[in-house]
Amino acid sequence: MSDFTRRKFLQSASVLAAGSLTLPGFVKNGSLHNLDDVRIGFIGTGLRGRNHVNNLLRYEGVHCPAICDIDPEAITQTKELFDRHGKPAPKVYTGSDHAYLEMLEQEDLDGVIIATNWKWHTPMCLAAMKNGVYTGVEVSGAFSVDECWELVRAHQETGTHLFFLENVNYRRDVMAVLIWSELMYSGNLSTCAAATSTISDRLNSMTAKADSYLEKTVMVKPDGEPSIPFAETESFIPHTDLAH
């Protein structure tokens with residue numbers, strides 16, 4: 001993209017969506033996927049972080065140009081994953097607790113995955129979002145309600161999205177509570193029976209989409225070899241009897 005970098009493109013598009021809880025138009029229209037590749041950086045490459053690296057390196061069209069960690073051994077083991085997958089070695093940012101700031105500023109990233117010590121999650125997320133980098137973060141994302149609001153305000157101000165990498169959020173019973181809350185605050189919660197029917201319909205639709213995806217998803221062993229389809233290990237969204 002010459003001088004108009006990928007990150008600037010994402011920032012300009014995200015700013016147009018600032019204050020909105022919907023996806024920016026360029027994502028909805030699929031133009032992000034028209035880029036030659038998706039560039040993902042990693043902050044924190046311990047056991048959890050390397051699991052993410054190992055998974056993403058398996059996908060064509062995903063490029064991982066940079067990693068950041070303060071542990072030399074973690075960096076060494078992460079670079080070995082790149083060798084194993086036949087991918088170019090990433091640029092390494094290290095030597096300081098704040099080396100991630102340099103990575104976010106210097107690299108032209110579409111997204112970043114954060115898997116560090118919990119106390120660093122909020123400041124790292126804020127830095128990434130303010131740099132226009134879509135952010136995936138391991139739990140927990142914040143240590144206080146105030147930090148939670150900082151993350152919300154960062155999204156409102158920049159339009160950059162933050163995704164918590166916690167699968168419990170998408171259990172059928174948890175999603176039922178979310179949908180119930182949406183109905184209540186929208187004024188559409190007329191009767192318990194009507195609400196239960198609406199929630200069940202939406203959850204069943206979500207479950208079908210999840211099952212379809214998981215049929216194509218393969219669990220990866222620690223050594224990087226494919227294991228068994230994830231859908232055969234456990235249900236993505238356990239069934240819930242909403243009447244009880």
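Heads up: the structure comes first, above all this text.
Thresholds, definitions, all that
Throughout this document, residue positions are counted from 1 along each chain, in the order its sequence is written. With the structure being a predicted model, the display of local features is reserved for residues of pLDDT at least 70 and the display and counting of side-chain atom pairs for 80 or more, all residues being used for whole-chain, interface and lining totals. Here the side-chain values reflect all heavy atoms present in the structure, with hydrogen atoms and water set aside. The helix and strand labels rest on DSSP assignments: H or I over at least four residues marks a helix, E over at least two residues marks a strand, and numbering proceeds from the N terminus. Whenever two N or O atoms come within 3.5 Å, that pair is a polar contact, provided that in protein one can donate a hydrogen and the other can accept it, and provided that, for residues adjacent in sequence, both atoms are side-chain atoms. Buried residues of nine kinds, namely Ala, Val, Leu, Ile, Met, Phe, Trp, Tyr and Cys, make up a nonpolar core once their side-chain atoms join them within 4.5 Å. The buried label goes to any residue with under 20% of its type's maximum accessible area, the exposed label to any with over 50%, and the partly exposed label to all in between, with areas taken from a 1.4 Å probe on protein chains only. Residues count as neighbours in contact if any of their non-hydrogen atoms are within 4.5 Å of one another. Handedness rule for crossovers: strands pointing away from the viewer, path from the first strand over the helix to the second running clockwise, crossover right-handed. A pair of strands is considered paired only if DSSP assigns at least 2 bridges between the two. The criterion for an aromatic pair is that two Phe, Tyr or Trp rings (for Trp, the six-membered ring) have centres within 6.5 Å, with stacked assigned to planes under 30 degrees apart, edge-to-face to planes over 60 apart and tilted to the rest. The axes are straight lines fitted to the C-alpha atoms, using for helices just the contacting stretch, and the angles between their N-to-C directions are given from 0 to 180°. Here roughly perpendicular refers to angles of 65 to 115 degrees, roughly parallel to angles under 35, roughly antiparallel to angles over 145, and oblique to all remaining angles. It is the rotation of the near helix from the far one that decides the hand of a crossing: anticlockwise by less than a right angle makes it left-handed, clockwise makes it right-handed. Gly is placed with the polar residues, together with every amino acid not listed as nonpolar (Ala, Val, Leu, Ile, Met, Phe, Trp, Tyr, Cys and Pro) or charged (Asp, Glu, Lys and Arg).

1. Re the side chain of Thr160
Turning to step 1, where the next piece is worked out: Here Thr160 is to be found in the loop between helix 7 (145-158) and strand 7 (162-164).
Turning to step 2, where the next piece is worked out: In this structure the side chain of Thr160 is engaged in a polar contact, spanning 3.1 Å, whose partner is the backbone oxygen of Met129.

2. Looking at the nonpolar core
Turning to step 1, where the next piece is worked out: Among the nonpolar cores identified, the biggest contains 23 residues, and Ile43, Tyr100, Met103, Val112 and Ile114 are the most heavily contacted of them.
Turning to step 2, where the next piece is worked out: Breaking this core down by element, the ones donating at least two residues are strand 3 (66-68), helix 5 (99-106), strand 5 (111-114), helix 6 (121-130) and helix 7.
Turning to step 3, where the next piece is worked out: It is helix 6 that provides the largest number of residues to this core, a total of 6 residues.
Turning to step 4, where the next piece is worked out: Beyond its immediate sequence surroundings of up to four residues, Tyr100 is in contact with Ile43, Cys68, Trp120, Pro123, Met124 and Ala127.

3. Topic: the pairing of strand 6 (residues 134-137)
Turning to step 1, where the next piece is worked out: Alternating residues of strand 6 divide into Tyr134 and Gly136 and Thr135 and Val137, and every residue in both groups is buried.
Turning to step 2, where the next piece is worked out: Regarding topology, helix 6 serves as the crossover connection from strand 5 to the parallel strand 6, and that connection is right-handed.
Turning to step 3, where the next piece is worked out: Pairing of strand 6 with strand 7, which is carried by 3 bridges, proceeds in the parallel orientation. Bridge pairing links Gly136 to Phe163 in strand 7.
Turning to step 4, where the next piece is worked out: Crossover strand 6 to strand 7 through helix 7 is right-handed.

4. Points about the packing of aromatic side chains
Turning to step 1, where the next piece is worked out: For the structure on display, the rule yields 1 aromatic pair.
Turning to step 2, where the next piece is worked out: On the numbers, 6.2 Å between centres and 75° between planes, the contact of Tyr100 with Trp120 is edge-to-face. Of this pair, Tyr100 sits in helix 5 while Trp120 is found in the loop between strand 5 and helix 6, placing the two residues 20 residues apart along the sequence.
Turning to step 3, where the next piece is worked out: A relative accessible area of 18% places Trp120 in the buried class.

5. Some words on the packing of helix 6 against helix 7
Turning to step 1, where the next piece is worked out: Packing of helix 6 against helix 7 leaves a shortest axis separation of 10 Å and a crossing angle of 5°. The orientation of helix 6 with respect to helix 7, classified from their angle, is roughly parallel. Here Thr122, Cys125, Leu126, Met129 and Lys130 of helix 6 lie close against helix 7, whose contacting residues are Glu147, Glu150, Leu151, Ala154, His155 and Thr158.

6. Some points on the environment of Thr160
Turning to step 1, where the next piece is worked out: Using a relative accessible area of 0% as the deciding quantity, one classes Thr160 as buried.
Turning to step 2, where the next piece is worked out: For the pair Thr160 and Tyr134, spaced 26 residues apart in the sequence, the C-alpha separation amounts to 5.8 Å.

7. Things to note about the packing of helix 5 against helix 6
Two quantities define a packed helix pair, namely the angle between the axes and the distance from one axis to the other.
Turning to step 1, where the next piece is worked out: At a closest axis distance of 10 Å, the pairing of helix 5 and helix 6 adopts a crossing angle of 20°. Our classification of the angle between helix 5 and helix 6 gives roughly parallel. In this structure, helix 5 crosses over helix 6, and the sense of that crossing is right-handed. Residues Tyr100, Leu101 and Leu104 of helix 5 form the contact with helix 6, whose participating residues are Pro123, Met124, Ala127 and Ala128.
Turning to step 2, where the next piece is worked out: Taken together, the residues of the contact of helix 5 with helix 6 break down into 7 nonpolar, no polar and no charged.

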